[in-house]
Amino acid sequence: MELASAPQPAAPGRRRRRRPPLWTAVGVVVAALVAGPLLALPLSFVGEADALDSIAANLLPDALRASVVLALGVGAGTLLLGGTLAGLVS
């Protein structure tokens, strides 16, 4: 049975550069893909001051109303279903 020999040290003055593991590179790429749009959207408004006013006047009221209705619906459904199931197991 042969044992593997110890790795040879690098020559003095020369260091071996270790490459990052593949999962590190994949993680960096995925992080860039996720962060890209999140950074691009606010940066798109830097030159256009009127864009935020337009969004606030046209889009925001409908989106806020839909969010409130959704939150109330989820809360009511959770209360109804959760209360019923809690009553069944008590």
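Residues numbered from 1 in each chain as written. Predicted model: local features only at pLDDT ≥ 70, side-chain atom pairs only at ≥ 80, totals over all residues. Heavy atoms only, no water.

Q: Lay out the overall build of the protein in plain terms, naming residues and giving numbers.
A: Along the backbone of the protein there are three helices and zero strands. Along the protein, from the amino end to the carboxyl end, the secondary structure elements read α-α-α. Within the protein, the fraction of its 90 residues that count as buried is 1%. By element, 70% of the accessible surface of the protein is carried by carbon and sulfur atoms, the whole surface being about 8700 Å². (Helix = DSSP H or I, 4+ residues; strand = E, 2+ residues; numbered from the N terminus. Buried < 20%, exposed > 50% of the residue type's maximum accessible area, 1.4 Å probe, protein only. Areas by Shrake-Rupley, 256 points an atom, 1.4 Å probe, with all protein chains shown as cover.)

Q: Lay out helix H1 (residues 22-44) with the relevant residues and their values.
A: Helix length check: H1 (23 residues) gives 33 Å between terminal C-alpha atoms against 33 Å at 1.5 Å per residue, within 8%. At alanine 35, H1 is bent by approximately 30°, the largest bend along its length, and proline proline 37 sits one to four residues beyond. (Expected span 1.5 Å × (residues − 1). Bend = angle between axes of the 7 residues up to and from the residue.)

Q: Give me the lowdown on the confidence of the model for the protein, citing residues and values where you can.
A: Should the pLDDT be low somewhere, the predicted coordinates at that spot are not to be read in detail. Model confidence for the protein is summarised by a mean pLDDT of 84, while 83% of its residues fall at 70 or above. Per-residue pLDDT, averaged within each element of the protein, yields its smallest value for helix H2 (residues 49-58) (77) and its largest for helix H3 (residues 60-89) (96). (pLDDT = per-residue confidence, 0-100.)

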